[in-house]
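Reading the structure
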Amino acid sequence: GVDSVMLDLEDAVAENQKDSARFSLFHNLKSVDYHGVERVVRINGLTTPHWREDVRVCVAGGADAIRIAKCECANDVKVVADAIDEDEAEFGRPKGETLLMAAIESPRGVLNALEICEASEKLFGVALSGGDFRVSMHTKPSESGVELAAARGHILIAARAAEVQCFDTVFTDIA
């Protein structure tokens, strides 16, 4: 079996479908029995108009964790953590029930990895998002993954120092 599933409100959802995706997500979280599998939702980045409603739906629906897309600094984590606190109170959810994961997708995020990892007690993990990181570095995937080596190492060291989990990028070669 799987440990975790990630439901996406970000890149997998067209701009004109964000509201309907949130509606579907809420009903999915409320009605599908995942048999104890952790449910993580990837929200839109904080530079978009969508992230705040994404958080509300995640908390109201009872998602286990929220993955912050394009996280670049500790303040990004703090802003989402504060929004979760507000929403847990509003929707009668237990305080601290909704956890956070930060997706690091840029050179700035990599350089700020330690402060991101230490930004909130809600943060249980950090992940490299290789696709967007490669784009920001103006590079392409290689068979060896050498273009991600420095970022992987830096993020891993930061995660270990902060005692949070560290996740590698997805493997996208479906062929």
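Quick summary incoming for the structure in this document. (Residues numbered from 1 in each chain as written. Predicted model: local features only at pLDDT ≥ 70, side-chain atom pairs only at ≥ 80, totals over all residues. Heavy atoms only, no water.)

Some details on the pattern of salt bridges
By the definition in use, this model includes 19 salt bridges. A salt bridge links Asp54 to Arg22, with the shortest nitrogen-to-oxygen separation between them at 2.7 Å. In this pair, Asp54 is assigned in helix α2 (residues 51–61) and Arg22 in helix α1 (residues 18–31), connecting sequence segments 32 residues apart. In this pair, the class of Asp54 matches that of Arg22, namely buried. Each of the salt bridges in this network shares a partner with another, and the network as a whole consists of Asp8, Glu10, Arg42, Lys70, Glu105 and Asp132. (Salt bridge = Lys/Arg side-chain N within 4 Å of Asp/Glu carboxyl O. Helix = DSSP H or I, 4+ residues; strand = E, 2+ residues; numbered from the N terminus. Buried < 20%, exposed > 50% of the residue type's maximum accessible area, 1.4 Å probe, protein only.)

A look at the packing of α2 against helix α3 (residues 74–90)
At a minimum axis separation of 9 Å, α2 and α3 run at an interaxial angle of 45°. As summarised for this structure, α2 and α3 are arranged oblique, according to the angle between their axes. Here the hand of the crossing between α2 and α3 comes out right-handed. For the pair α2 and α3, the contacting residues are Trp51, Arg52, Val55, Arg56 and Val59 in the first and Val79, Val80, Ala83, Ile84, Glu86, Asp87, Glu88 and Glu90 in the second. Broken down by class, the residue content of the contact of α2 with α3 amounts to seven nonpolar, no polar and six charged. (Axes fitted to C-alpha atoms, helices over the stretch in contact; angles between N-to-C directions. Parallel < 35°, antiparallel > 145°, perpendicular 65-115°, else oblique. Left-handed = near helix turned anticlockwise from the far one by under 90°. Contact = heavy atoms within 4.5 Å. Nonpolar A, V, L, I, M, F, W, Y, C, P; charged D, E, K, R; others polar.)

A look at the sheet that holds strand β1 (residues 4–8)
Strand order in the open sheet formed by six strands is β1-β2-β3-β4-β5-β6, with parallel pairing between adjacent strands. Lying at the two open borders of the sheet, with one neighbouring strand each, are β1 and β6 (165–167). Ignoring which end each strand starts from, the neighbouring axes of this sheet average 25° apart. Across three bridges, the pairing between strand β5 (residues 123–128) and β6 is parallel. Each residue of the ladder has a partner; that of Val126, found in β6, is Cys166. (Pairing = 2+ DSSP bridges.)

Focus on the layout of surface pockets
Space inside the largest pocket adds up to approximately 520 Å³. Lining the largest pocket are 21 residues, and of these Arg134, Thr169, Val170, Phe171 and Thr172 lie nearest its centre. It is helix α6 (residues 130–136) that contributes the most residues to the lining of the largest pocket, four residues altogether. Grouping the amino acids of the lining of the largest pocket by side-chain chemistry returns six nonpolar, seven polar and eight charged. (1 Å grid on protein atoms, 1.4 Å probe; cavity = no way out; pocket = protein on both sides within 12 Å on 5 of 7 lines; lining within 4 Å. Points joined across faces, edges and corners; volume = space filled by probe spheres on them.)

Concerning the packing of aromatic side chains
All chains considered together, the criterion is met by one aromatic pair. A ring pair is formed by Phe124 and Phe167, whose centres lie 6.3 Å apart and whose planes are at 80°; its orientation type is edge-to-face. In this pair, Phe124 is assigned in strand β5 and Phe167 in strand β6, connecting sequence segments 43 residues apart. We classify Phe124 as buried; its relative accessible area is 13%. A relative accessible area of 28% means that Phe167 is categorised as partly exposed. (Phe/Tyr/Trp six-rings, centres within 6.5 Å; stacked < 30°, edge-to-face > 60°.)

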